[in-house]
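So the chains spell out like this:
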Amino acid sequence: MQMLAATRSILDLMYKLCGTAYDLLHMDHSCSFGWFLAGAAIIRFLRAKINAKDEEEVMRLEQELGIVKYIFSDRFNVEQAKHRQINVLEDLYNVEIKGHGRKAPTAPSATDQRAETDNLMFGNV
């Protein structure tokens, strides 16, 4: 619960910054890293709430994640480091929520190995 409270405190600061005309490009890198960690934490909480089938909290967490993505994509559109952070958040979302993670390569079966050997020996006759 403390981590969720800390994440929401970071989001509160993000909301306040979005309400100003301050150029976020002048902020220190540690700020954007904290926002990135808040986004990663939201994704983890989102996965837990999806598994618990808590639809209200899922919707709230998705909206909060949208704020983090907005900060990175719209307010930080110049810096390359911020672009990479949003890509990592997207990849984490795809792995944790959508289940589109990278799969470990599997060893080819004996039949596949035999077919490859036959193609090398006999060509595509």
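Residues numbered from 1 in each chain as written. Predicted model: local features only at pLDDT ≥ 70, side-chain atom pairs only at ≥ 80, totals over all residues. Heavy atoms only, no water.

(A) Representation of the overall build of the protein in the model. Within the protein one finds 5 helices and 0 strands. When the helices and strands of the protein are read in sequence order from the N terminus, they spell out α-α-α-α-α. A burial count over the protein gives 29% of its 125 residues as buried. Element-wise, carbon and sulfur atoms account for 56% of the exposed surface of the protein, whose accessible area totals about 8,800 Å². (Helix = DSSP H or I, 4+ residues; strand = E, 2+ residues; numbered from the N terminus. Buried < 20%, exposed > 50% of the residue type's maximum accessible area, 1.4 Å probe, protein only. Areas by Shrake-Rupley, 256 points an atom, 1.4 Å probe, with all protein chains shown as cover.)

(B) Molecular detail of the packing of aromatic side chains. Counted by the stated rule, this structure contains 1 aromatic pair. Here Lys69 stacks its cationic end above the ring of Tyr93, 4.7 Å away from the centre of that ring. (Phe/Tyr/Trp six-rings, centres within 6.5 Å; stacked < 30°, edge-to-face > 60°. Lys NZ or Arg CZ within 6 Å of the ring centre and 35° of its normal.)

(C) Local environment of the confidence of the model for the protein. Counting all residues, the mean pLDDT for the protein is 77, and 71% of those residues have values of 70 or more. Confidence over residues 101-105 falls short of pLDDT 50; this stretch has 2 contacts with residues more than four positions distant or in other chains. (pLDDT = per-residue confidence, 0-100. Contact = heavy atoms within 4.5 Å.)

(D) Fine view of helix 1 (residues 2-18). Between its first and last C-alpha, helix 1 extends 24 Å over 17 residues, near the 24 Å set by a 1.5 Å rise per residue. Regarding helix 1, the residues found buried are Leu4, Thr7, Arg8, Leu11, Met14 and Leu17. Taken down its axis, helix 1 places every buried residue within 165° of arc, on the same side. Every exposed residue of helix 1 that faces more than 90 degrees away from the buried side is listed here: Gln2, Leu13 and Lys16. (Expected span 1.5 Å × (residues − 1). Arc of directions from axis to C-beta.)

(E) Region of the structure containing the nonpolar core. With 20 residues, the main nonpolar core has Met14, Trp35, Ile42, Ile43, Val68, Phe72 and Leu89 as its most contacted residues. Looking at this core, the elements that each hand over two or more residues are helix 1, helix 2 (29-51), helix 3 (55-75) and helix 4 (80-98). (Core = buried A, V, L, I, M, F, W, Y, C linked by side-chain atoms within 4.5 Å.)

(F) Up close: the environment of Ile43. With respect to the helices and strands, Ile43 occurs in helix 2. Judged by its relative accessible area of 1%, Ile43 is buried. Remark: the alpha-carbon pair of Ile43 and Ile97, spanning 54 residues in sequence, is separated by 7.6 Å.

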